[in-house]
Amino acid sequence: MPHSSGGGSHGGGSHGGSHGGSGGSPSGISNKYYPGSKRYVYYTNHKPEYIYSNSDPTKVNINTLIGAILTIAMMVLIAPFMIIATLGTMGKPISDSYSDKGVAIIDNAGVLTDSAELEEELNVFYEKTHISPTLVTVNNEDWQSHYTSLENYAYEWYVTHYDDESHWVIIYSQPVNPLPSFNEWYFEGMQGDDTDRILTSTITGKFNDEVYTHLLDTKDYSIADSFGAALHNQVNEKVLNPFASFMQSVFVIISFLLFEGIFIAFLIYMTLPKKKYKNAMECPLEVTEETCDYCGGIYIVGFYTTCPHCGGVIKPHKYIIDENGNKKVIQ
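Rules and cut-offs
- Residues numbered from 1 in each chain as written.
- Predicted model: local features only at pLDDT ≥ 70, side-chain atom pairs only at ≥ 80, totals over all residues.
- Heavy atoms only, no water.
- Salt bridge = Lys/Arg side-chain N within 4 Å of Asp/Glu carboxyl O.
- Helix = DSSP H or I, 4+ residues; strand = E, 2+ residues; numbered from the N terminus.
- Buried < 20%, exposed > 50% of the residue type's maximum accessible area, 1.4 Å probe, protein only.
- Pairing = 2+ DSSP bridges.
- Axes fitted to C-alpha atoms, helices over the stretch in contact; angles between N-to-C directions.
- Left-handed = near helix turned anticlockwise from the far one by under 90°.
- Contact = heavy atoms within 4.5 Å.
- Nonpolar A, V, L, I, M, F, W, Y, C, P; charged D, E, K, R; others polar.

S.K.: An account of the pattern of salt bridges is requested, with residue identities and associated values reported.
M.R.: Tallied over the full model, the rule gives 1 salt bridge. Of the charged contacts in the structure, one is a salt bridge between Glu 290 and Lys 315, with a shortest N-O distance of 3.8 Å. Taken as a pair, Glu 290 in strand E10 (residues 289-291) and Lys 315 in the loop between strand E11 (298-300) and strand E12 (319-321) lie far apart in primary sequence, 25 residues in all. Looking at Lys 315, the relative accessible area reads 38%, which means it is partly exposed.

S.K.: Can you explain the pairing of strand E1 (residues 3-9)? Please cite residues and give values.
M.R.: Most of E1 is tucked away: 7 of the 7 residues are buried. Where E1 meets strand E8 (residues 186-191), 6 bridges bridge the pair, whose relative direction is antiparallel. Residue pairing across strands places Gly 7 opposite Glu 188, the latter belonging to E8. Both E1 and strand E2 (residues 13-15) contribute to a ladder of 3 bridges, which runs antiparallel.

S.K.: How would you summarise the packing of helix H4 (residues 201-216) against helix H5 (residues 223-236) if you had to cite specific residues and measurements?
M.R.: The geometry of H4 relative to H5 is characterised by a closest axis approach of 8 Å and an angle of 150° between their N-to-C directions. Between H4 and H5 the crossing geometry is right-handed. In this structure, H4 uses Ile 203, Lys 206, Phe 207, Glu 210, Val 211, His 214 and Leu 215 to contact H5, whose residues at the interface are Ile 223, Ser 226, Phe 227, Ala 229, Ala 230, Leu 231, Asn 233, Gln 234 and Val 235. When the residues that make up the contact of H4 with H5 are grouped by side-chain class, the tally is 10 nonpolar, 4 polar and 2 charged.

S.K.: Explain the sheet that holds strand E9 (residues 281-282) to me, and be specific about the residues and the numbers.
M.R.: One open sheet accounts for 3 strands, arranged E4-E3-E9; its pairing is antiparallel. Across the chains shown, the open sheet's two edge strands, defined by having one partner strand only, are strand E4 (47-53) and E9. Note that strand E3 (residues 38-44) and E4 share 7 bridges and pair antiparallel. Opposite Lys 38, over in E4, you have Ser 53 as the bridge partner.

That is the geometry; function is a separate question.
Written out as structure tokens, the structure is:
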């Protein structure tokens, strides 16, 4: 799905694009119970600490180790293909096998009075990259009462006009009747996923910064000039440049190898038992705690004949074992 390439506003400066994230399900060691886990106890500062785990925390987690080995093997096998694929696309435009190709300027707000140079730069960008750029102007009144942000409006504009991931839509917005002292303008980009290899966050970030700077300089730059100059300086002079593409590919490969190394080290580390859990022992979900008469340390009843903290003899307790194996102290 298309995503923001960033933008800016008269009162808020420029900003980068947006990204998403994901979560996971509980496993391994946790401070809270989860299905399939067992309770373990260890001691810190003469007090019991409880954890929940689906494996013995004092031993290597076999399931995690096997998963780590398989993941490492997969990453090692995939890495050469990713490097070859990166080098294979270096300095090349994207595929142009999609509809609605070409440059589009849609001046709904009627603010692009001198767009010839802008159109030329948009055409240069399209010829070099095969990414189809679309510049749309609207008024704030067209979207502010229906959308929480221009980004949301730009996203819907993209998906309702294009059914591919190969466009770069830039929307500029200002009031129908801007105040002479302060024109409350906004601009926002929306790029398809297939453009990410060329329209990197570095390039779009510098593009947004220059557009913002020029839009503030109303004496020397018109709205069309602001976008045309930024497109020329920050995009057309840099995308698909052989040296720049080579350095970008090198950076991507090195970053991937570093990430792979760190990730592998993390996986191996996660399979090793932690030092603080070396004396952890399984215990029931329900326990009774008692205080040592000699050192004041707290321990759980039913597992020791001497204090786990000072070694002093602990007082005897009477208890019963229920159907679940839990020891219930009765005296």
